[in-house]
Amino acid sequence: MKQDIDGPSAEPPQAGLRLLAGPPGAPAGRGAQDDLTPAQIVAELDKHIVGQHAAKRAVAIALRNRWRRRRVQGPLQGEITPKNILMIGPTGVGKTEIARRLARLADAPFVKVEATKFTEVGYVGKDVDSIIRDLVEVAVKQERQRQVVAKRAAAQDAAEERVLDVLVPPPRDTRDARSMGFAAEPTPENTARQVMRKRLREGTLDDKEIELDVADAKPALEVLGPQGMPGMEELAEQMKGLFSQMNQAKKTKRKMRIADALKLLVEEEAGRLVNEDEIRAAAVASAEADGIVFIDEIDKVASRSDHGGTAEVSRQGVQRDLLPLVEGTTVTTKYGVVKTDHILFIASGAFHLAKPSDLIPELQGRFPIRVELSSLSVSDFEAILTSTDASLVAQYQALLATEGVTVQMQPEAVRRLAEIAFEVNERTENIGARRLATVMERLLDEVSFDAPARSGQTLVVDAAMVNARLAELAKDEDLSRYIL
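Quick caveat: nothing in here was measured; it's all calculated off a predicted structure.

A.B. asks: Just to check I follow, could you spell out the overall build of the protein for this structure?
C.D. replies: The helix and strand tally for the protein stands at 20 helices and 12 strands. Across the 484 residues that make up the protein, the buried fraction comes to 44%. Taking the intrachain contacts of the protein between residues at least 6 apart in sequence as the baseline, contacts between residues at least 24 apart amount to 79%. Within the structure as shown, the protein displays about 25200 Å² of accessible surface, and the carbon and sulfur contribution to it stands at 52%.

Okay, here's the thing in structure tokens:
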């Protein structure tokens, strides 16, 4: 099953902008300076996504409602469930990116799945419960990273001591105490150790090689079992855990640079300091309260009224299997039982052939908020190329700058690129903003290839250059289908 799991930690939110949920029943004033209002959430999404204001408003309200629910007192808090969202619009207009950026902004567990990769229970394919298992895996990875960061200072101190023990061995009684896992009595450092510590922190010893004992990396094991059978995935995970614990305490001597040794030892010591039971409990709680599931291509499993046959029965089966997850159920994972009542589900689809009303009525009712995303115009393409954070033009300029090549994009060149991308979308398959990447790559293909020989040069891209490289291709419909 093809899935796109994207941990939000790949791009952390800016300082002071994390939406802190706080514990249940927390007072409304707690962490108020860190809580984003819907307007602020939309402003943050505007930095990366052009247009689609209705969709941004919908997800901003959904995220803020989580903050509000935690401040509701009493049993009513548990009765308030998220209002799931159905996004309707063509490909390449920002549906997935809105959900992905929202998860990064909230620092929440996020998983993207394609509805077409699932199948009805009893058929060959992945069961829908794997969505929640993958979500918990992301939550565990996030929580472990948070705890490692929190313990990093202590881990750096421990790693430094281990390197110093190799450079300047401590007294025997101290070494014996450390080897048995006891805390040694603090002793005044000798002059040699103080000098080495100073040089180590200054970085003058980074290239010196040392030999030390490091823990062996756990082998990556993949246990294959029958797909879709109840309990088989849990059994496979238990077998993986059993095998991964074998040789867990085994260490080997390795020779490496001190700079590399410090990085390795910091990770090893941080992993030793964190509590796996706390990580699992916190991850399950995070997945239940903050998890976001994005279900793409939901229209492909909608049953069309003008069609029949076994395929339609299978599509309805997928919908009925998804329904308990969206309604609220419990899923057994290797980290514990996860309740899906408060997980936010965002579904999307183009709905070219099917309509939202073709979904089974029960599933329709579980996506009460529906927003339509519009196709992108030439002006939208211009804004995507230059106005967003980490825009496509800025990315190419940064890449070629590493070779000493300066790229200057004239406004008329940006306009012409947007027009060509729009025209090709209109005449061939409309893939939205994804067309811009193809057009930009074609435009700068020669420069990217010759960049090492052009170091120190400045390339000015104007409308004439764009026309010379792309205009003929754009006019020829057959060529544009294959090249652009």
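Back to the write-up after that little detour.
A.B. asks: Is there a simple way to explain helix H14 (residues 378-386) in this structure?
C.D. replies: Residues spaced three or four apart along an α-helix point in a common direction, a consequence of the helix completing one turn every 3.6 residues. Burial in H14 covers these residues: Val378, Asp380, Phe381, Ala383, Ile384 and Leu385. On its buried face, H14 is in contact with helix H15 (392-401), helix H16 (411-427) and helix H17 (434-443).

A.B. asks: Explain the environment of Ser387 to me, please; I cannot follow it from the model alone.
C.D. replies: Structurally, Ser387 is set in the loop between H14 and H15. C-alpha of Ser387 to C-alpha of Ile49: the two residues are 338 residues apart in sequence and 9.6 Å apart in space.

A.B. asks: What is the right way to look at the packing of helix H5 (residues 129-150) against helix H11 (residues 276-290) in this model?
C.D. replies: When two helices pack together, you describe them by how their axes are tilted relative to each other and by the distance separating the axes. Where H5 meets H11, the axes come as close as 8 Å, and the angle between the chain directions of the two elements is 125°. Our classification of the angle between H5 and H11 gives oblique. You can see that H5 and H11 cross each other, and the crossing is right-handed. The segment H5 lies against H11, with Leu135, Val136, Ala139, Val140, Glu143, Arg144 and Gln147 engaging Glu276, Glu278, Ile279, Ala282, Ala283, Val284 and Ala287. Taken together, the residues of the contact of H5 with H11 break down into 9 nonpolar, 1 polar and 4 charged.

A.B. asks: Would you mind going over the nonpolar core with me for this structure?
C.D. replies: Taken as a class, soluble globular proteins show a tendency for nonpolar side chains to be buried jointly. Counting 61 residues, the largest nonpolar core has Met87, Ile346, Leu417, Met440, Leu443 and Val461 as the members making the most contacts within it. Examining the composition of this core, we find that 7 residues originate from one element, H16, more than from any other. If we skip the residues at most four places from it in the chain, Leu417 touches Leu385, Met409, Val439, Met440, Leu443, Val466 and Leu470.

A.B. asks: Explanation requested: the pattern of salt bridges in the structure shown.
C.D. replies: Side chains that differ in charge, positive against negative, can pair when their charged atoms come close. By the definition in use, this model includes 30 salt bridges. With a shortest N-O distance of 3.0 Å, Arg146 and Glu143 are connected by a salt bridge. In this pair, Arg146 and Glu143 are both assigned in helix H5, 3 residues apart and thus about one turn of the helix distant. Judged by its relative accessible area of 26%, Arg146 falls in the partly exposed class. Here the salt bridges share partners, and the residues they tie into one network are Glu382, Arg415, Arg416, Glu419 and Glu423.

A.B. asks: Looking at this structure, how should I read the pairing of strand S9 (residues 344-349)?
C.D. replies: The two faces of a sheet get side chains in turn, since along a regular strand they alternate between them. Burial within S9 is extensive, with 6 of its 6 residues counted as buried. In this structure, strand S2 (residues 85-88) lies alongside S9, joined through 4 bridges in parallel fashion. Opposite Leu86, over in S9, you have Ala347 as the bridge partner. Bridge count between strand S6 (residues 292-296) and S9: 4 bridges; the pairing is parallel.

A.B. asks: Looking at this model, I keep getting lost on the packing of aromatic side chains. Mind explaining?
C.D. replies: Given two aromatic rings, their pairing is described by the distance between the two centres and the angle made by the two planes. As enumerated under the stated definition, the model contains 0 aromatic pairs in all. Its guanidinium or amino end placed over the ring of Trp67, Arg64 lies 3.8 Å from that ring's centre, counting from NZ or CZ.

A.B. asks: What's the story with the packing of H16 against H17 in this structure? I'm lost.
C.D. replies: Between H16 and H17, whose axes approach to 9 Å, the crossing angle comes to 125°. Considering their axes alone, H16 and H17 lie oblique with respect to each other. Helix-helix and strand crossings are classified by hand; for H16 and H17 the assignment is right-handed. Residue-level contacts link Leu417, Ala421, Val424 and Asn425 of H16 to Arg435, Leu436, Val439, Met440 and Leu443 of H17. Tallied by class, residues from the contact of H16 with H17 come to 7 nonpolar, 1 polar and 1 charged.

A.B. asks: What is the right way to look at the confidence of the model for the protein in this model?
C.D. replies: Residues with a pLDDT of 70 or more make up 75% of the protein, whose mean pLDDT is 78. Helix H1 (residues 38-46) holds the highest mean pLDDT among the elements of the protein, 92, whereas strand S1 (residues 3-4) holds the lowest, 46. With pLDDT under 50 throughout, residues 1-34 is counted as low confidence; its partners more than four residues away or in other chains account for 78 contacts. Ignoring residues within four places in sequence, the model shows residues 181-187, a span with pLDDT below 50, making 3 contacts including any to other chains.

A.B. asks: Help me out: how do you make sense of unusual backbone geometry in this one?
C.D. replies: A negative phi angle is the norm for most residues apart from glycine, just as the trans form is the norm for most peptide bonds. Its identity as a non-glycine residue notwithstanding, Gln52 has a phi of 55°, on the positive side. Mapped onto the fold, Gln52 is located in the loop between H1 and helix H2 (53-69). Despite not being glycine, Ala390 has its phi angle at roughly 55°, a positive value. Tracing the backbone shows Ala390 in the loop between H14 and H15.

A.B. asks: Got a minute to help me understand the layout of surface pockets in this structure?
C.D. replies: To find leftover empty space, a probe the size of one water molecule is rolled over the atoms. The calculated volume of the second largest pocket comes to roughly 1200 Å³. Along the wall of the second largest pocket there are 44 residues; nearest its centre are Thr91, Gly92, Val93, Gly94 and Arg434. Contributing elements (two or more residues each) for the lining of the second largest pocket: helix H4 (95-106), strand S3 (110-114), H15 and H17. With 6 residues, H4 is the single largest residue contributor to the lining of the second largest pocket. The residue makeup of the lining of the second largest pocket, split by class, is 16 nonpolar, 12 polar and 16 charged.

A.B. asks: Sorry, what's going on with helix H10 (residues 258-273) here?
C.D. replies: Taking 1.5 Å as the rise per residue, H10 with 16 residues should run 22 Å; its terminal C-alpha atoms sit 22 Å apart, in good agreement. Buried within H10 are the following residues: Ile258, Ala259, Ala261, Leu262, Leu265, Val266, Glu268, Glu269 and Ala270. Each element contacted by the buried residues of H10 is listed here: H5, helix H6 (152-167), helix H8 (191-202), strand S4 (209-215) and strand S5 (251-257).

A.B. asks: So what exactly am I meant to see when it comes to the environment of Gly336 here?
C.D. replies: By the element assignment, Gly336 lies in strand S8 (residues 336-339). Overall, the relative accessible area of 26% leaves Gly336 in the partly exposed class. Sequence separation between Gly336 and Val136 is 200 residues; the distance between their C-alpha atoms is 9.6 Å.

About the thresholds
- Residues numbered from 1 in each chain as written.
- Predicted model: local features only at pLDDT ≥ 70, side-chain atom pairs only at ≥ 80, totals over all residues.
- Heavy atoms only, no water.
- Helix = DSSP H or I, 4+ residues; strand = E, 2+ residues; numbered from the N terminus.
- Buried < 20%, exposed > 50% of the residue type's maximum accessible area, 1.4 Å probe, protein only.
- Contact = heavy atoms within 4.5 Å.
- Areas by Shrake-Rupley, 256 points an atom, 1.4 Å probe, with all protein chains shown as cover.
- Axes fitted to C-alpha atoms, helices over the stretch in contact; angles between N-to-C directions.
- Parallel < 35°, antiparallel > 145°, perpendicular 65-115°, else oblique.
- Left-handed = near helix turned anticlockwise from the far one by under 90°.
- Nonpolar A, V, L, I, M, F, W, Y, C, P; charged D, E, K, R; others polar.
- Core = buried A, V, L, I, M, F, W, Y, C linked by side-chain atoms within 4.5 Å.
- Salt bridge = Lys/Arg side-chain N within 4 Å of Asp/Glu carboxyl O.
- Pairing = 2+ DSSP bridges.
- Phe/Tyr/Trp six-rings, centres within 6.5 Å; stacked < 30°, edge-to-face > 60°.
- Lys NZ or Arg CZ within 6 Å of the ring centre and 35° of its normal.
- pLDDT = per-residue confidence, 0-100.
- 1 Å grid on protein atoms, 1.4 Å probe; cavity = no way out; pocket = protein on both sides within 12 Å on 5 of 7 lines; lining within 4 Å.
- Points joined across faces, edges and corners; volume = space filled by probe spheres on them.
- Expected span 1.5 Å × (residues − 1).

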